[in-house]
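# Architecture at a glance
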Amino acid sequence: MGESFKIALFADLHFGEDAWTEWGQIQDFNSRRAMSSMLDLEQPVRLRSTALSYSSIGPKDLWPGVSNYVLKVSSGDSQLPVAYLYFFDSGGGSFREVISNAQVKWFQLQSANLNQFIVLQGIPELILWHIPSKPFEGIAAANSNSNQNCVGSMFGEQVASQKAEMGIMQVLEQRSSVKALFVGHNHGLDWCCPFNKRWLCYARHTGYGGYGNWARRSRIIEIKVQPFSLKTWITMENGTLHGEATLSS
């Protein structure tokens, strides 16, 4: 068996919500407990959030997006890249909910410099942002009755997508190295669905703040190096697993 990596996605943590109240402090405590339980079970090698709680400040010229960056997943001591993870700031709150033209151009430059061998499929790329893009609405509508092409347990909530589509999805579809896009924002959705030779997935509500009383969980991503494979599943706070899907092999 080849070397493998696990990544835990914690979405919609809502840390600091009503922090001056007892309720807010209890929600933060419960969120930390939930994350600790899932980390103890899965032992991922990296941890990031699709919201801004654990993000990094990106280039200042990508306004209104303030948190855009790339992470390289490396194999062992060789430091050879196994995958690239691109994090985009999709706005929200007082910021416009959109992946802007400037962010699209940033991705094109970054991916061209880091991952040049696109003709030979290139190094696998995973895309992460918080607020779903417009295609998530179409997928939800198409699968509202049968869900036959999707994996997941929660399909009922209406998709609350970005306010506009400014070209990022078309750019992603032109890169065969892009394997999956992961989002959050809709607390009551946890599906993964195929879309134009790649997958669109919800990370699932992890934090105890925010709306909804669904059981808390995390989306796990597993990358196997040789032979390459990309799998994902949902890990519940109580340790149960469900919704496994092979995204690429």
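A short tour of the structure in this document, coming up. (Residues numbered from 1 in each chain as written. Predicted model: local features only at pLDDT ≥ 70, side-chain atom pairs only at ≥ 80, totals over all residues. Heavy atoms only, no water.)

## A closer look at the pairing of strand β8 (residues 198–202)
Stated formally: Think of it in three bands: with a 1.4 Å probe and only protein chains considered, a residue is buried below 20% of the maximum accessible area for its type, exposed above 50%, and partly exposed in between. Strands are runs of DSSP state E lasting at least two residues, helices are runs of H or I lasting at least four, and both sets are numbered from the N terminus onward. At least two bridges found by DSSP between two strands are what make those strands a pair.
Of all 5 residues in β8, 5 are buried; the element is thus mostly enclosed. Side chains Arg198, Leu200 and Tyr202 of β8 all project onto a buried face; the interleaved residues Trp199 and Cys201 project onto the opposite face, where all are buried too. Both strand β6 (residues 178–183) and β8 contribute to a ladder of 4 bridges, which runs parallel. Bridge pairing in β8 links Val183 to Tyr202. Of the strand pairs in this sheet, strand β7 (residues 192–195) and β8 are connected by 4 bridges, and their pairing is antiparallel. Across the sheet, the residue bridging to Pro194 is Trp199, located in β8. Hairpin connection from β7 to β8: 2 residues lie between these consecutive antiparallel strands, with Asn196 at a positive phi of about 50°.

## Points about the environment of Phe88
Short version of the rule: Every residue pair with non-hydrogen atoms within 4.5 Å of one another is taken to be in contact.
Examined against the element boundaries, Phe88 turns out to sit in the loop between β4 (80–87) and α2 (101–114). Residue Phe88 is classed as buried on the basis of its relative accessible area of 5%. Sequence spacing of Phe88 and Ser100 is 12 residues, and the spatial spacing of their C-alpha atoms is 10.0 Å. With near-sequence residues (within four places) excluded, Phe88 lies in contact with Ser67, Asn68, Ile99, Gln103, Trp106, Phe107, Ile127, Leu128, Trp129 and Ile168.

## Some points on unusual backbone geometry
Positive phi values are uncommon outside glycine, yet His185 reaches one of about 80°. Summarising the element assignment, His185 is placed in the loop between β6 and β7. Of the residues examined, His185 reaches a relative accessible area of 23% and is grouped as partly exposed. One non-glycine residue with positive phi stands out, namely Lys197, at about 70°. Mapped onto the elements, Lys197 comes out in the loop between β7 and β8.

## Focus on the state of the cysteines
The criterion, for reference: For the purposes of this analysis, a disulfide is any pair of cysteine sulfur atoms at a distance within 2.5 Å.
Scanning all chains against the criterion turns up 2 disulfides. Cys150 shares a disulfide with Cys193; S-S distance 2.0 Å. Residues Cys150 and Cys193 are joined through a disulfide that is right-handed, its torsion about the S-S bond being 115°. With Cys150 in the loop between α3 (135–142) and α4 (168–173) and Cys193 in strand β7, the pair connects residues that are 43 residues apart, well separated along the chain. For the pair Cys150 and Cys193, a shared accessibility class is recorded, and that class is buried. Here Cys192 engages in a disulfide with Cys201; their sulfurs sit 2.1 Å apart. Because the torsion about its S-S bond is 120°, the bridge between Cys192 and Cys201 counts as right-handed. The pair formed by Cys192 and Cys201 is uniform in burial state, with each residue classed as buried.

## Quick look at the side chain of Asp190
This is how it is decided: Within 3.5 Å is the distance limit for a polar contact, defined as a pair of N or O atoms, with the added protein rule that one can donate a hydrogen and the other accept it, and that residues adjacent in sequence qualify only through two side-chain atoms.
Among the structural elements, Asp190 can be located in the loop between β6 and β7. Note on Asp190: relative accessible area 0%, which makes it buried. Engagement of the side chain of Asp190 in a polar contact is seen with the side chain of Arg217, the distance being 3.1 Å. If we ignore the near neighbours within four places in the chain, the residues touching Asp190 are Val151, Gly152, Ser153, Met154, Tyr202, Arg204, Arg217, Arg219, Ile234 and His242.

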